[in-house]
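Listed below are the residues making up each chain.
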Amino acid sequence: MGQLLLLSAIPLILAFLSLAAADERSVRRIVAAMLWAQIAVVGWFVAPLLLGAQTLLSFAPDFCLDRLGACFVMLTTTVVACAATHADTFFAGEAEHGHIHNPAHFKIFYACLNMFLLAMSAVFICDNLGYIWISVEATTLFSAPLVYFDRTKNALEATWKYLIICSVGIAFALLGTVFVFASSQHGAIVQGSLNITKLVAHASELDYSLLRLGFIFCLLGYGTKAGIFPLHSWLPDAHSEAPAPASAMLSGALLNCALFGIWRVSRIVVASHHHAFAYEMVTVLGTLTVVAAAIFLIRQHSFKRMWAYSSIENVGLILVAIGIGSGALFFLQALNHSLAKVALFLLSGNIAQAAGSKRLHDLHGVWKASPPLGLLLALAALAVTGAPPFGAFVSEMLIFQSSATPAHWLVATLLVVAVAIAFVAVMTHVGRILLGGAKADFRAFKPVLASLVPGALVIGSLVMGVFAHPRFWEGL
Amino acid sequence: MTLSIYELAVLSASILAIFLLGTTYIRTNLGFYSAQTMAIAAATMLAGSQREPHLYVIALIILLLKAVGIPVFLIWIADRIDAQTDAGTYLPAPLSMHLGILLLGASYILSSELPMMLGHGQGSSRIGATAAMSLLFSGILVMLTRRIAISQIIGFLMIENGIYLFALTQTHGMPMMVEMGILLDVLVGVMIAGLLLFRIKKSFEHIDASQLTQLKD
């Protein structure tokens, strides 16, 4: 228990501090700096796991961390720290452009940001389906105020839809959790259990028909939160209306949490020797999502909505990786997507801010107006669509290779075609944004300072592509 | 077949939910929601006397927070934002009530498809599953057929009630900590949604969720 407190100490203190502090500018700086300290704390805890000295870190009953979870906790903390660091410049730029926000809104934003980080980290640390559900629902509750930060009508509509659709979706995951719990009451665990380690160990004694129902509901429930195809409607709204740092966190960290929920439940199904069922359900949904997102990407009018649909495409790819049953591919694709997409959302925030519009129609000539932002936008867009030599290329290639079996040739073909369509669509839109004459009133706020975090992320993505070695992700 | 008190409590919850479908006054809706949650608390209490003693605690918390706290909070909000009736969108209220009755029947048929989960008396398990599923369907129906934002909260709460009832009747009861966490989440969720309702009323001057259609591709 002490370890858990240590892990959550910094975000908790920061959350209280943000509410109590009088000066919002210093809060922004302190939160950003302390979150990097939080990365160090988390890193110190999970180092034995990442280095391979240990395979399981047990904190308390129902709370433990395996290697995959450790990787994701590190990724989530890094994403939030990057977003918070960039947020300082971003909000300063907002003030410069005349969007003055109420200091009270900043207090709520930063308090919720820290609690959001805690809730997301909890998803990976909980070894109990019930606690995972509670954590995922908590992420919705804490991120709703982040989406509502701008206090506009559109932000309000997006927040309301986000809250209602995700809550109802997650409610179905709760029903699924109840089914899994009921399935455990047969066989070895008489009183029933939600402990995942226990469930995996006794998977073959679980009542399969109940487990299957539970898996379907959990997949749809957490899938709503991850934005799988027919249930994705909240995602573009929330991602486009939230302020850029919040969109970056939603896309780069929150989606991974929901997918991790699906991964955990799918592990139980696989352990009960029903690989084929888990594979088909998850992979088919994933492929459907990729194809649908690629089609939506062709006709886009809004800058940030485009990246939201690109996130949906990546969620589909990650689902395929989960369906294949490879934790390594799951993490690799999630990591590469997060690196590039966080950079993109942060950059988009600055570009939209400078141009005074997020409609694609109004954006052009960014290359001329601000070369650093333009260059980074081009590189990050290449990185997120899976062009070599960036990391996403390696992970997407591995996913295609693993899914291309004679029995499932259709899945592999659809994936390749859809990813190609998405690439062309995104590149066309980005080309229009970059090229052409610069807008006269394009005023980028401190473009070099604003490029630091996205630049570092793009370099990270490049490193993942160039130096990708199986050693990095073996044994996940 | 005679029903035990436990089964009566469980069934009355789902029947109260069907009554809810038939009324359009928000205050009456919340009254029915409160009554249905009380029936669930009573069922929890009865289950506690047979099985786990920790169910007594949960029953008490449900009674205080969900059956009294949340409805009072929502009535307070409904009065402040002047939301009195919900005419519904696609289905008139009487029709949706009849649909609710049909769904209760469908739940009874569906419940026989479910694998039997608890050993103690097959009938009790089946009635429980029927009521839980019917409650779940009623909640979904409220979410689909009602127009104003506050009804969507009521629909969500009914869905949550249905899932809770399912866990209560079909399992030995979820672990105490999990139930507490779920309740906390639901409570915070309703509070955030309630605060958003004020904002919606202020910005849009209505709380018609079906007119929130500014955002699209």
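Cut-offs used in this document
- Residues numbered from 1 in each chain as written.
- Chains lettered and ligands numbered in written order.
- Predicted model: local features only at pLDDT ≥ 70, side-chain atom pairs only at ≥ 80, totals over all residues.
- Heavy atoms only, no water.
- Helix = DSSP H or I, 4+ residues; strand = E, 2+ residues; numbered from the N terminus.
- Rg over C-alpha atoms; globule rule 2.2 N^0.38 Å.
- Buried < 20%, exposed > 50% of the residue type's maximum accessible area, 1.4 Å probe, protein only.
- 1 Å grid on protein atoms, 1.4 Å probe; cavity = no way out; pocket = protein on both sides within 12 Å on 5 of 7 lines; lining within 4 Å.
- Points joined across faces, edges and corners; volume = space filled by probe spheres on them.
- Nonpolar A, V, L, I, M, F, W, Y, C, P; charged D, E, K, R; others polar.
- Contact = heavy atoms within 4.5 Å.
- Buried area = accessible area lost by both parts, 1.4 Å probe.
- Salt bridge = Lys/Arg side-chain N within 4 Å of Asp/Glu carboxyl O.
- Polar contact = N/O pair within 3.5 Å; in protein donor to acceptor, adjacent residues only side chain to side chain.
- Axes fitted to C-alpha atoms, helices over the stretch in contact; angles between N-to-C directions.
- Parallel < 35°, antiparallel > 145°, perpendicular 65-115°, else oblique.
- Left-handed = near helix turned anticlockwise from the far one by under 90°.

Thoughts on the overall build of chain A
Logical step 1: Helices and strands together make up the secondary structure of chain A, namely 19 helices and two strands.
Logical step 2: Its C-alpha atoms give chain A a radius of gyration of 21 Å, near enough to 23 Å, the size a compact globule of 476 residues would have.
Logical step 3: Dimensions along the principal axes, computed over C-alpha positions, put chain A at roughly 70 × 55 × 40 Å.
Logical step 4: In chain A, buried positions account for 64% of the 476 residues.

So, the layout of surface pockets
Logical step 1: Taken as a whole, the largest pocket spans an internal volume of roughly 990 Å³.
Logical step 2: Lining the largest pocket are 33 residues, with Phe-63, Leu-118, Ala-119, Ala-122 and Ser-135 of chain A sitting closest to its centre.
Logical step 3: Among the elements of the structure, α1 (2-20), α2 (24-50), α3 (67-96), α4 (103-125) and α5 (129-147) of chain A together with α7 (176-204) of chain B are those that each provide at least two residues to the lining of the largest pocket.
Logical step 4: The element that contributes the greatest number of residues to the lining of the largest pocket is α4 of chain A, accounting for seven residues.
Logical step 5: The residue makeup of the lining of the largest pocket, split by class, is 25 nonpolar, six polar and two charged.
Logical step 6: Within this model, the second largest pocket holds a volume of roughly 800 Å³.
Logical step 7: Asp-150, Ser-240, Glu-241, Ser-357 and Lys-358 of chain A are, among the 30 residues lining the second largest pocket, the residues nearest its centre.
Logical step 8: Of all the secondary-structure elements, those providing two or more residues to the lining of the second largest pocket are α3, α9 (234-241), α12 (303-324) and α13 (327-355) of chain A.
Logical step 9: If one sorts the elements of the lining of the second largest pocket by residue count, α13 of chain A sits on top with four residues.
Logical step 10: Considering only residue class, the lining of the second largest pocket consists of six nonpolar, 15 polar and nine charged.

Quick notes on the interface of chain B and chain A
Logical step 1: At the junction of the two partners, chain B supplies 45 residues and chain A supplies 46 residues.
Logical step 2: Its largest share of buried area at the contact with chain A, chain B owes to Asp-185, Leu-215 and Asp-217 of chain B, together 19% of the area lost on that side.
Logical step 3: Counting the contacts that link chain B with chain A gives zero salt bridges.
Logical step 4: Counting across the chain B and chain A interface gives five residue pairs in polar contact (both at pLDDT 80 or more).
Logical step 5: Of all the secondary structure elements, the ones that give two or more residues to the side of chain B that touches chain A are α5 (122-145), α6 (149-170) and α7 of chain B.
Logical step 6: At 15 residues, the largest contribution of residues to the side of chain B that touches chain A is made by α7 of chain B.
Logical step 7: Classifying every residue of the side of chain B that touches chain A gives 30 nonpolar, 10 polar and five charged.

A word on unusual backbone geometry
Logical step 1: In the segment running from Pro-388 of chain A into Pro-389 of chain A, the intervening peptide bond is cis, with an omega of 5°.
Logical step 2: Along the chain, Pro-389 of chain A falls in the loop between α15 (371-385) and α16 (391-403).
Logical step 3: A positive phi angle is found at Asp-82 of chain B, which is not glycine, with a value near 60°.
Logical step 4: Tracing the sequence through the fold places Asp-82 of chain B in the loop between α3 (54-80) and α4 (93-113).
Logical step 5: Of note, Glu-205 of chain B is a non-glycine position whose phi angle comes to about 65°, a positive value.
Logical step 6: Within the secondary structure, Glu-205 of chain B is located in the segment after α7.
Logical step 7: Looking at Glu-205 of chain B, the relative accessible area reads 66%, which means it is exposed.

Regarding the packing of α5 of chain A against helix α10 (residues 244-271) of chain A
Residue and element names in this part refer to chain A.
Logical step 1: Two elements in contact, α5 and α10, have axes whose closest approach is 11 Å; the angle formed by their N-to-C orientations is 165°. By the criterion of interaxial angle, the relationship of α5 to α10 is roughly antiparallel. Handedness of the α5/α10 crossing: left-handed. Between α5 and α10, the contacting residues are Leu-129, Ile-132, Thr-139, Ser-143, Leu-146 and Val-147 on the first element and Ala-246, Met-249, Leu-250, Leu-254, Gly-261, Arg-264, Val-265 and Ile-268 on the second.
Logical step 2: The residue makeup of the contact of α5 with α10, split by class, is 10 nonpolar, three polar and one charged.

Focus on the packing of α9 of chain A against α10 of chain A
Residues and elements named next belong to chain A.
Logical step 1: Here α9 crosses α10 at 135°, and the two axes come no closer than 7 Å. Taken together, the axes of α9 and α10 lie oblique to each other. Seen from α9, the contacting residues are Leu-235, Ala-238 and His-239; seen from α10, they are Ser-247, Leu-250, Ser-251 and Leu-255.
Logical step 2: The residue inventory of the contact of α9 with α10, partitioned by class, reads four nonpolar, three polar and no charged.

Quick look at empty space enclosed by the protein
Logical step 1: Applying the stated criterion across every chain yields a total of five cavities of 30 Å³ or more.
Logical step 2: By volume, the largest cavity is sized at about 70 Å³.
Logical step 3: In terms of lining residues, the largest cavity is bounded by Glu-137, Leu-163, Ile-164 and Ser-167 of chain A together with Ile-153, Phe-156, Gly-189, Val-190 and Ala-193 of chain B.
Logical step 4: Mapped by element, the contributors of at least two residues to the lining of the largest cavity are α6 (153-183) of chain A together with α6 and α7 of chain B.

Structural notes on the pattern of salt bridges
All names here are of chain A.
Logical step 1: Taken as a whole, this structure holds 10 salt bridges over all chains when the rule is applied.
Logical step 2: A salt bridge links Arg-29 to Asp-88; its shortest N-O distance comes to 2.8 Å. Of this pair, Arg-29 sits in helix α2 while Asp-88 sits in helix α3, and the two are 59 residues apart along the sequence.
Logical step 3: The class of Arg-29 is partly exposed, set by a relative accessible area of 45%.
Logical step 4: Residue Lys-161 is joined to Asp-237 by a salt bridge in which the shortest nitrogen-to-oxygen separation is 3.9 Å. Residue Lys-161 is located in helix α6, and its partner Asp-237 is located in helix α9; the two are separated by 76 residues in the primary sequence.
Logical step 5: For Asp-237, a relative accessible area of 4% corresponds to the buried category.
Logical step 6: Salt bridges here are not isolated pairs; linked through shared partners, they connect Glu-157, Lys-161, Asp-237 and Arg-305.

With respect to the environment of Asn-161 of chain B
Residue and element names in this part refer to chain B.
Logical step 1: Mapping Asn-161 onto the fold places it in helix α6.
Logical step 2: Using a relative accessible area of 0% as the deciding quantity, one classes Asn-161 as buried.
Logical step 3: In this structure, the C-alpha to C-alpha distance between Asn-161 and Lys-66, residues 95 residues apart in sequence, is 9.5 Å.
Logical step 4: Apart from the residues within four sequence positions on either side, Asn-161 is in contact with Tyr-33, Gln-36, Thr-37, Ile-40, Lys-66 and Leu-135.

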